[in-house]
Amino acid sequence: MASTADIKNGVVLNIDGQLWAVIEFQHVKPGKGGAFVRTKMKNVVSGKTVDRTFNAGAKIETENVDRQDFQYLYADGDSYVFMDVSDYDQIHVPAAVVGDAVNFMLENQNVTIALHNGNPLYVELPASVVLEITYTEPGLQGDRSTGGTKNATVETGYQIQVPLFLEQGTKVKVDTRTGDYLGRVN
């Protein structure tokens, strides 16, 4: 058991059997009454964000979450196979844990996986990835008043919005958090 003095950004707490990562914390000492710690926490599994206040000195339970580098190898039914880059061990991660990251993962791409007691919690991708456009309609000029966009399918099968001038086969940079087009890559 730890106390509220041990709360820092990135610490993972076990509250009511669920794992919560601290995003922000603030130690508050009002002029009247006891001190407290105001936190903003994110559920490690579901991604839900909540604000929570702890009295100063209250006992909290911290958890050990290891973040390790893995390489994505291939999809195997309803799970994905990753290889630990340090010792070449392979782990199977269920599709529910991988989540939306599958839209931006290419084979042999490096990712970070958070593990708790050997169980994968979530897959973390780099902020942006470079993907090739495999299909897009030709863009028509002149039928718009502002800069237009069109649908494009990238090599993972995910659809993004891109400017009209982009052609099939162009490599583009895509934000992995939002799925937005960031620019062309030469």
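In this numbering scheme, every chain counts its residues from 1 along its sequence in written order. pLDDT decides what is reported in this predicted model: residues at 70 or higher carry local features, side-chain atom pairs at 80 or more are listed and counted, and totals for whole chains, interfaces and linings draw on all residues regardless. Excluded from the side-chain calculations are hydrogens and water; all other atoms, namely the structure's heavy atoms, are used.

The chain carries the name Elongation factor P in an unreviewed UniProt entry, which gives Cryobacterium psychrotolerans as its organism. UniProt positions are given in the numbering used here, feature names are shortened, and annotations may be inferred rather than shown by experiment. In its Sequence similarities (unreviewed entry) section, the UniProt record describing the chain reads: "Belongs to the elongation factor P family." Word for word, the UniProt comment on the chain under Subcellular location (unreviewed entry) is "Cytoplasm".

Draft legend 1. Expanded view of the overall build of the chain. Helix and strand assignments come from DSSP, with helices taken as H or I runs of at least 4 residues and strands as E runs of at least 2, each series counted from the N terminus. If you tally the helices and strands in the chain, you get one helix and 17 strands. Here the globule rule is a power law, 2.2 Å times the number of residues to the power 0.38, and the radius of gyration is based on C-alpha atoms. The globule rule puts the C-alpha radius of gyration for 186 residues at 16 Å, and the 22 Å found for the chain is more than 25% above it. Summarising its shape, the C-alpha atoms of the chain cover approximately 65 × 45 × 25 Å along the three principal directions. Among the 186 residues that make up the chain, the fraction classed as buried is 35%. Contacts are assigned to residue pairs that have any heavy atoms within 4.5 Å of one another. Sequence-distant contacts in the chain: of pairs separated by 6 or more residues, those separated by 24 or more amount to 43%. With the model as given, the accessible surface of the chain reaches about 11200 Å², and the carbon-plus-sulfur share is 45%. Where the 16 positive side-chain charges of the chain centre and where its 23 negative ones centre are 14 Å apart. Classification of residues uses two cut-offs on accessible area relative to the type maximum, computed with a 1.4 Å probe and protein chains only: under 20% is buried, over 50% is exposed, and between them is partly exposed. Residue burial considers only the protein chains on display, and all accessible areas are found by Shrake-Rupley using a 1.4 Å probe. Charge counting treats Lys and Arg as positive and Asp and Glu as negative, with His and both chain ends excluded. To locate a charge, take NZ of a lysine, CZ of an arginine, CG of an aspartate or CD of a glutamate.

Draft legend 2. View of the domain arrangement of the chain. Each domain span listed reflects an automatic or database assignment of domains. Structurally, the chain comprises domain 1 (2–61), domain 2 (63–122) and domain 3 (126–182). For domain 1 versus domain 3, the distance between C-alpha centres works out to 40 Å.

Draft legend 3. Quick peek at the environment of Thr134. The residue Thr134 is located in strand S13 (residues 128–136) in this model. In this structure the C-alpha to C-alpha distance between Thr134 and Val28, which are 106 residues apart in sequence, comes to 53 Å.

Draft legend 4. How the structure looks around the sheet that holds strand S11 (residues 110–116). In short, DSSP must find at least two bridges between two strands for them to pair. The sheet built from five strands is open, its strands ordered S10-S9-S8-S11-S12 with antiparallel pairing. The open sheet has two free edges, formed respectively by strand S10 (90–94) and strand S12 (119–124), since each of these has just one partner strand. Ignoring which end each strand starts from, the neighbouring axes of this sheet average 45° apart. Angles run from 0 to 180 degrees between N-to-C directions of axes, and those axes are lines fitted to C-alpha atoms, restricted for helices to the stretch in contact.

Draft legend 5. Spatial organisation of the UniProt feature "domain: Translation elongation factor P/YeiP central" (unreviewed entry) in the chain. This chain's UniProt record puts "domain: Translation elongation factor P/YeiP central" (unreviewed entry) on residues 67–121. This span, residues 67–121, is 7% helix and 56% strand, and a straight line between its end C-alpha atoms measures 10 Å.

Draft legend 6. Region of the structure containing the packing of aromatic side chains. Stacked, tilted and edge-to-face are the three classes applied to pairs of Phe, Tyr and Trp rings, where Trp contributes its six-membered ring and a pair requires centres within 6.5 Å; stacked means planes under 30 degrees apart, edge-to-face means over 60, and tilted covers the rest. Counted by the stated rule, this structure contains three aromatic pairs. Here the aromatic rings of Tyr72 and Phe82 are separated by 5.5 Å at their centres, their planes lie at 50°, and the arrangement is tilted. Of this pair, Tyr72 sits in strand S8 (residues 66–76) while Phe82 sits in strand S9 (residues 79–84), and the two are ten residues apart along the sequence. Note on Phe104 and Tyr158: the rings are 5.1 Å apart at their centroids and 70° apart in plane angle, and the pair reads as edge-to-face. Of this pair, Phe104 sits in the loop between helix H1 (95–98) and S11 while Tyr158 is found in the loop between strand S14 (149–154) and strand S15 (159–163), placing the two residues 54 residues apart along the sequence. Accessibility expressed as a relative area gives 3% for Phe104, which makes it buried. Counting every residue linked through ring pairs, the aromatic cluster contains Tyr72, Tyr80 and Phe82.

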